[in-house]
Number of protein chains: 2
Amino acid sequence: MKIIGGPSSLELASKISKLTACPLVAVNTKRFPDGEFYFRFEEKISGEDTLIVQSLYPPQDTRLIELFMILHTVRDLKAKTIIVFIPYLAYSRQDERYLEGECLSASLMAELLQHLGADSIYTIDVHNQKVLDMYKIPAHTLTASGELAKYFVSQDLKNPFVVAPDAEEMALKRAETAAKTIGAEYDYFEKKRNRHTGEIVTYSKKVNVKGRDVVIIDDIISTGKTSANVAKMLKKQGARRVFIGVSHALLLGNALKILNASGVDEIVGTDSVVNSYAKVSVAPILANALKAGKL
Amino acid sequence: MKIIGGPSSLELASKISKLTACPLVAVNTKRFPDGEFYFRFEEKISGEDTLIVQSLYPPQDTRLIELFMILHTVRDLKAKTIIVFIPYLAYSRQDERYLEGECLSASLMAELLQHLGADSIYTIDVHNQKVLDMYKIPAHTLTASGELAKYFVSQDLKNPFVVAPDAEEMALKRAETAAKTIGAEYDYFEKKRNRHTGEIVTYSKKVNVKGRDVVIIDDIISTGKTSANVAKMLKKQGARRVFIGVSHALLLGNALKILNASGVDEIVGTDSVVNSYAKVSVAPILANALKAGKL
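Definitions and limits used
- Residues numbered from 1 in each chain as written.
- Chains lettered and ligands numbered in written order.
- Predicted model: local features only at pLDDT ≥ 70, side-chain atom pairs only at ≥ 80, totals over all residues.
- Heavy atoms only, no water.
- Contact = heavy atoms within 4.5 Å.
- Buried area = accessible area lost by both parts, 1.4 Å probe.
- Salt bridge = Lys/Arg side-chain N within 4 Å of Asp/Glu carboxyl O.
- Polar contact = N/O pair within 3.5 Å; in protein donor to acceptor, adjacent residues only side chain to side chain.
- Helix = DSSP H or I, 4+ residues; strand = E, 2+ residues; numbered from the N terminus.
- Nonpolar A, V, L, I, M, F, W, Y, C, P; charged D, E, K, R; others polar.
- Buried < 20%, exposed > 50% of the residue type's maximum accessible area, 1.4 Å probe, protein only.
- Least-squares fit on C-alpha atoms with pLDDT ≥ 70 in both.
- Domains from an automatic or database assignment.

Enquirer: Account for the interface of chain A and chain B, with residues named and values stated.
Expert: Contact with chain A, which involves 48 residues of that partner, is made by 48 residues of chain B. Between chain A and chain B lies a buried interface of about 4100 Å² when both sides are counted; carbon and sulfur atoms form 53% of it. In terms of surface lost to chain B, no three residues of chain A exceed A:D34, A:E36 and A:R93, which account for 15% of the buried area on that side. In this structure, B:E100 and A:K44 form a salt bridge, with 2.8 Å as the shortest nitrogen-oxygen distance. Viewed at the interface, chain B and chain A are joined by 33 residue pairs in polar contact (both at pLDDT 80 or more). Elements with a minimum of two residues in the side of chain A that touches chain B: β3 (37-41), α2 (60-76) and α3 (105-115) of chain A. The leading source of residues in the side of chain A that touches chain B is α2(A), at 11 residues. Looking at the side of chain A that touches chain B, its residues break down into 23 nonpolar, 12 polar and 13 charged.

Now the structure itself:
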């Protein structure tokens, strides 16, 4: 197999290449003065099994067009198979019409990736499983919670405790996975939306976190409000330290400010989103999945 | 027919609506905090003939995703027919593989617009006719030079003269069209690329422009270098005033600075690119084309 690193995930692609011992393909990319993207393969890929790695963290539209252009070229140049790894799958919010007339952007994504020749898709901790049900090709979500947990294992935690920020099935599963690796108990918070203010209110279960190091395992930090609320509550209840392990640390707008003010001690993200919080790589997760499948 | 204005061309869509007496469709658009686009129709479009208006001037990728989302929704909601008007057709540069392994972005555009259900495409002064040959659906280019010329007719020009900045067939045709409307002669400059510096050198024909008002009719101003060279030369040869009438005034980077320094007296663009130089609308051009067809 040959690995193609998109502009948003060059380092990640390189890590996957090392772990799988599959070579990286030499490519040439640039932006023209008007902002248009240019993409070129500098070696042959016809007849090859290929893996495209391109995460779709903001600016999503730019990274999407890059992905479409890479896919189009790979198929045009007659690669044998195309696996697409999109650690952060943008436009996963709109998986149904909440209001009549809405664009089903998640369905558009599925349609275009399929149409452009992807044979299968892998992503990390997808926002909603329903999004992947829209694909006619095999579409898999993998979880980063195990790798995030490994990071915390090496942090010398004191009497650790794992928390899911909400009670959704996938959130609980992620917390469970992390708790097993850390060797800790886990529990969850409940999220409720105030109908009038739209604010998210969190209620704690009756767990004594006093003096303990707590790890919040979350799939995404966007504005940071939910995580900050949970962290604040944990600190109030006497938690010694509060860590956040998050698959997609988007950290939009004032997120960092809000999280710092909430008393969070450390944010640990993955290279699904390339920023200074990407302390854990999702490369081994994909490498293992590929090994388990048919590399 | 119902007209759908995309975020990049709301005013233009409204003008087309007035000229054709076809109603604008009420839509709701926004950007989520993470930058993702949201699109919703606020009225039914099933069974309707539709016209989507969305120009693709920079930032192209953003406007492209908007267009894809609108198209996907229009088709999903079962409109009867879909005409897409894209005054500035981005990614028209790469219509062939100049180097092995390159992405044929123009072909990707054609493929996706077709796949998403467009029945036909209209654009203004396409960069290269070959780009439109890539479409399996009818794809038309219309020229803005007539409308640009009308603007200059009202400017009280003195002994006007029209110039094409290069000798390409379409450039000459545009100059001819404008010259007819203005009631002037026209000629062209020749463009040569210096092999070593990559710079564009222009050579003038032996036309006496002394004391005359010269109108350069061009399809696009990107970095502004070509137009500035032509303007400089015209001023040097004694032109009284130098105007530029341009279909797509992208005016990237230092373009304005370069053009001002070259002695250009006025830049007149169209609403293909929404900026303060959009003094001419392409709405009547499309309206006439639709009337000539089967509205």
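So, next bit.
Enquirer: For the side chain of B:S262, give the residues involved together with the corresponding values.
Expert: All names here are of chain B. Mapping S262 onto the fold places it in the loop between α8 (255-261) and β14 (266-270). Classification of S262 by relative accessible area gives buried; the value is 4%. With residues near it in sequence (within four places) discarded, S262 still touches A228, A231, K232 and K235.

Enquirer: Run through the relation of the copies chain A and chain B, naming residues and quoting values.
Expert: One chain copy maps onto the other through a rotation about an axis and a shift parallel to that axis. The operation relating chain A to chain B is a screw motion whose rotation component is 180°, with 0.0 Å of axial translation and a residual RMSD of 0.0 Å. Viewed as a symmetry operation, the transformation between the two copies matches a two-fold axis. The position closest to the rotation axis in chain A is occupied by the C-alpha of A:D61, lying 2.9 Å away. Mapped onto chain B, 100% of the interface residues of chain A again fall at the interface, so both copies present the same surface.

Enquirer: Account for the domain arrangement of chain A, naming residues and giving values.
Expert: All names here are of chain A. Parsing chain A into structural domains produces domain 1 (2-143 + 282-291) and domain 2 (145-271). Summarising the inter-unit geometry, the C-alpha centres of domain 1 and domain 2 are found 29 Å apart. Each partner contributes residues to the interface: domain 1 has 16 residues there, and domain 2 has 12 residues. At the boundary of domain 1 with domain 2, total buried surface from both sides reaches about 1200 Å², with 58% on carbon and sulfur atoms. For domain 1, the biggest contributors to the area lost against domain 2 are Y88, D125 and T143; these three give 39% of the whole. On the surface where domain 1 and domain 2 come into contact, there are zero salt bridges. For the interface between domain 1 and domain 2, the tally reads five residue pairs in polar contact (both at pLDDT 80 or more). Only α1 (10-20) and α9 (283-292) provide two or more residues apiece to the side of domain 1 that touches domain 2.

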